[in-house]
Amino acid sequence: MKSVFALVDCNNFYASCETLFRPDLKGRPIVVLSNNDGCVVARSKEAKALGIKMGIPAFELKPLLEKNVLLAFSSNYALYADISARVMSTLELLAPAVEVYSIDEAFLDLTGVSHCMDLEEFGHSVRKTISQNIGMTVCVGIAPTKTLSKLANFAAKKWHKAGGVVDLTDKARQRKLMALLPVGEVWGIGSKLSARLNKLGIQTVLDLADASPAFIKQQCSVVESRIVAELNGESCLALEQVAPTKKQIVSSRAFGERITSKEMMHEAIAEYISRACQKLRKEQQQAKQLTVFIRTSPFSDRQRDPYYANSITTALTHPTSDTRDFLAVASKLLETIWKDGYRYAKAGVMLSDFYDEGVYQVDLFEPAPPAYQSKALMTVIDTINAKTGSKVWFASQGASQAWSMKRAMLSPQYTTKWTDLPVVS
DNA sequence: TCTGGGGTCCTAGGACCC
DNA sequence: TCTGGGGTCCTAGGACCC
C-alpha cells in the first residue's frame, strides 16, 4: 500500500498562543522571548514583517518596545503546553494515527484511509476544525513520506495562494517543488551539511533527490542516504505513536543575575537536580550517571570578564531516582569544578544511563543501596508539588533563589490556573 | 626473521531537530 | 548591562577481549 503522511504545524505557535486570549493583539507585531527573557524564539506575522530575526537578543528590541511598536512576552510554557495538548487531542479525533513530533507539530498517518477521501479537502477540514475548536491556525502538508510532507508543509506556509494546505502526493508536483528549494530546506540537512553538499554540486532539493544514495552515504552517512530515499517517495521513517523512553534528562538555566558565590551556585545546582529528578520519576526511570556543568557568558568581553567552562561526569554506585542521592553527589562534583573569581552565567545537570525501576543487576561487591523508603517519600513530594505548584523543596535549593531567571513580561496562565482565568464582563 | 584478525563496548565530538 | 533549553543519532578512535 502506498504510504501517505500529513504534517500539521501550528503557525507562529508561541506568538499565536499569546494572542488567543488577547483579541486586541490581533494584527499587532508581537514576539515571545526565550527563558530568562534572553532572545526571540517566536514572532507574529507582523513582527516578521518588521524584519525582526529569529534568535536576536532581546535588548536589541528595546527601541521598538519603548515606542510601543512591538510587544514582547516572556515564555509561558504552562500556557503553550496546554494549548498544544488541545491541538493534539483534536488531531487524534481526526486521523487514525498521530505522532506528536514537537510542541507545535504532529505527523498523521493516512496510509489506510487515503484512497477513500480527497486529501486536500481533508487538509482543509483539519485546518477548519483546529481553528474553530482552539482558535489556532495550522498548515497541512501531505505526501508519501515524512520528509516530503515536511517540504509540503513548508510550501503551504510560504505560498499563501495554497490556502494553508499542499498535497504533494503527485510525483510531478514533488519534483517541481524540489527544484525550487535550496537543499538546506530539507528536514535533516542543516547549515554544515548544506555547505558540504553545495561543494559536491548539489544545490537544490531535486539535486539531492537525484543523487545516488550510495554516493551520499559515502560522503555523509546512512542518515542522509535515507533522506534521499524519502525524497524519492520511499518511506523509511515510520510513524512513532508511542514516545520512546528518554535516554537523558537535562535541566539547565541561564541565571537572571550572574553568580559569583559558591553558595549561590550550590543552590542553583540543587534546584536543577530537583527538577531533573522529578522528570526522571515521571518517566519511571532510574539513572546511574550524573553530569554537572557551569560556565560564564561566551558573549562577554574576555578582558573584563574572562571565560571559564567546565563539566564533570560521574557514575553513582547504583541507579536511583531519589533526589537526595543526586544532591549529595552533585554537591561534591561542583566543588571539583568551581573556581572563584568568575561571573557565572549558566549551569546545569544531566542525568543519563537509565534503568527501568527494579531491573538493575546488583554487583556482588558494590555497597548495598540505602535502605530508606525512597520511593514513598519522593511520591509524596511529587504529589504535593503537582497540586500546589512546588511548595515543598529541599533546603539546599535555597529559599530566596536570587539567581532565578527573569520573566518580566509573563502573560497569565489563562487555561491552567484558576486565578488567571480570563474574565468576560 | 617473523608480530593477526575480528569483534564489542565506550566516549568524545559533531551534526541535526524544535 | 542584556544573547534559551532540551533532545537525538552517527562516526571515529581507543581499549579491551579472544
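Residues numbered from 1 in each chain as written. Chains lettered and ligands numbered in written order. Predicted model: local features only at pLDDT ≥ 70, side-chain atom pairs only at ≥ 80, totals over all residues. Heavy atoms only, no water.

Q: Would you mind showing me how to read the protein's contact with DNA strand C here?
A: Around DNA strand C sit 25 residues, and of these Ser34, Val250, Ser252, Arg253 and Ala254 come closest. Close to the protein, within 4 Å, the atoms of DNA strand C are drawn from sugar and phosphate at a rate of 71%. Contact distances for DNA strand C include 2.6 Å between a phosphate oxygen and a backbone N or O atom of Val250. Those elements giving two or more residues to the surface near DNA strand C turn out to be α11 (222-231) and β9 (248-259). The leading source of residues in the surface near DNA strand C is β9, at eight residues. (Near = heavy atom within 4 Å. Polar contact = N/O pair within 3.5 Å; in protein donor to acceptor, adjacent residues only side chain to side chain. Helix = DSSP H or I, 4+ residues; strand = E, 2+ residues; numbered from the N terminus.)

Q: So what exactly am I meant to see when it comes to helix α8 (residues 191-199) here?
A: Residues spaced three or four apart along an α-helix point in a common direction, a consequence of the helix completing one turn every 3.6 residues. Of the positions making up α8, those classed as buried are Leu193, Ser194 and Leu197. With its buried residues spanning 105 degrees around the axis, α8 presents them on a single face. Turned more than 90 degrees off the buried face of α8, the exposed positions are Ser191, Lys192 and Lys199. Buried residues along α8 sit in contact with α9 (205-210), α10 (213-219) and α11. Immediately downstream of α8, the backbone of Gly201 shows phi near 90 degrees, a positive value. (Buried < 20%, exposed > 50% of the residue type's maximum accessible area, 1.4 Å probe, protein only. Arc of directions from axis to C-beta. Contact = heavy atoms within 4.5 Å.)

Q: How should I be thinking about the sheet that holds strand β10 (residues 285-296) in this particular structure?
A: Sheet strands associate in pairs through backbone hydrogen bonding, adopting either a parallel or an antiparallel arrangement. Pairing in this open sheet of four strands is antiparallel, and the strands run β9-β12-β10-β11 from one edge to the other. What marks the edges here is a single partner per strand, and that holds for β9 and β11 (309-320). Taking the axes of each pair of neighbouring strands and ignoring which way they run, one obtains an average angle of 15 degrees across the sheet. In the packing of helix α12 (residues 262-282) onto the sheet, the strands contacted are β9, β10, β11 and β12 (344-356), and the crossing angle to β9 comes to about 150 degrees. In the packing of helix α13 (residues 323-337) onto the sheet, the strands contacted are β10, β11 and β12, and the crossing angle to β11 comes to about 150 degrees. (Pairing = 2+ DSSP bridges. Axes fitted to C-alpha atoms, helices over the stretch in contact; angles between N-to-C directions.)

Q: Looking at this model, I keep getting lost on the environment of Lys146. Mind explaining?
A: Among the structural elements, Lys146 can be located in helix α6 (residues 146-158). Along the primary structure Lys146 and Val4 are separated by 142 residues, whereas in three dimensions their C-alpha atoms are 8.5 Å apart. With residues up to four places along the chain from it excluded, the contact list for Lys146 reads Phe5, Glu99, Phe107, Trp187, Glu230, Leu237, Ala238, Leu239 and Glu240.

Q: Would you explain the side chain of Ser300 in this entry?
A: Checked against the element boundaries, Ser300 lands in the loop between β10 and β11. A distance of 3.4 Å separates polar atoms of two side chains, one belonging to Ser300 and the other to Ser297. Setting aside residues no more than four positions away along its own chain, Ser300 makes contact with Arg258 and Asp305.

Q: Before we go on, may I ask you to explain the sheet that holds strand β6 (residues 105-109) in this structure?
A: As summarised here, the arrangement of the five strands in space is β5-β6-β1-β7-β8, forming an open sheet in which the pairing is mixed. Looking at which strands have only one partner, the edges of the open sheet turn out to be β5 (97-102) and β8 (165-167). Neighbour-to-neighbour, the strand axes of the sheet open up by a mean angle of 15 degrees, direction not taken into account. As judged from the six bridges shared by strand β1 (residues 5-10) and strand β7 (residues 138-143), these two strands associate in the antiparallel manner. If you follow Asp9 over to β7, its bridge partner there is Cys139.

Q: When you look at the packing of helix α1 (residues 13-20) against helix α4 (residues 77-94) in this model, what are you seeing that I'm missing?
A: Between two packed helices, the angle of one axis relative to the other and the distance separating the axes together describe the packing. Packing of α1 against α4 leaves a shortest axis separation of 10 Å and a crossing angle of 95 degrees. When the axis of α1 is compared with that of α4, the two are roughly perpendicular. Contact residues: Phe13, Tyr14, Cys17, Glu18 and Leu20 in α1; Tyr77, Leu79, Tyr80, Ile83 and Ser84 in α4. (Parallel < 35°, antiparallel > 145°, perpendicular 65-115°, else oblique.)

Q: What am I meant to see in the pattern of salt bridges here?
A: Side chains that carry opposite charge are capable of pairing whenever their charged atoms lie near each other. If you walk through the whole model with that rule in mind, you get 12 salt bridges. Among the ionic pairs, Lys157 bridges to Asp9, the shortest N-O distance being 3.0 Å. With Lys157 in helix α6 and Asp9 in strand β1, the pair connects residues that are 148 residues apart, well separated along the chain. Judged by its relative accessible area of 32%, Lys157 falls in the partly exposed class. (Salt bridge = Lys/Arg side-chain N within 4 Å of Asp/Glu carboxyl O.)

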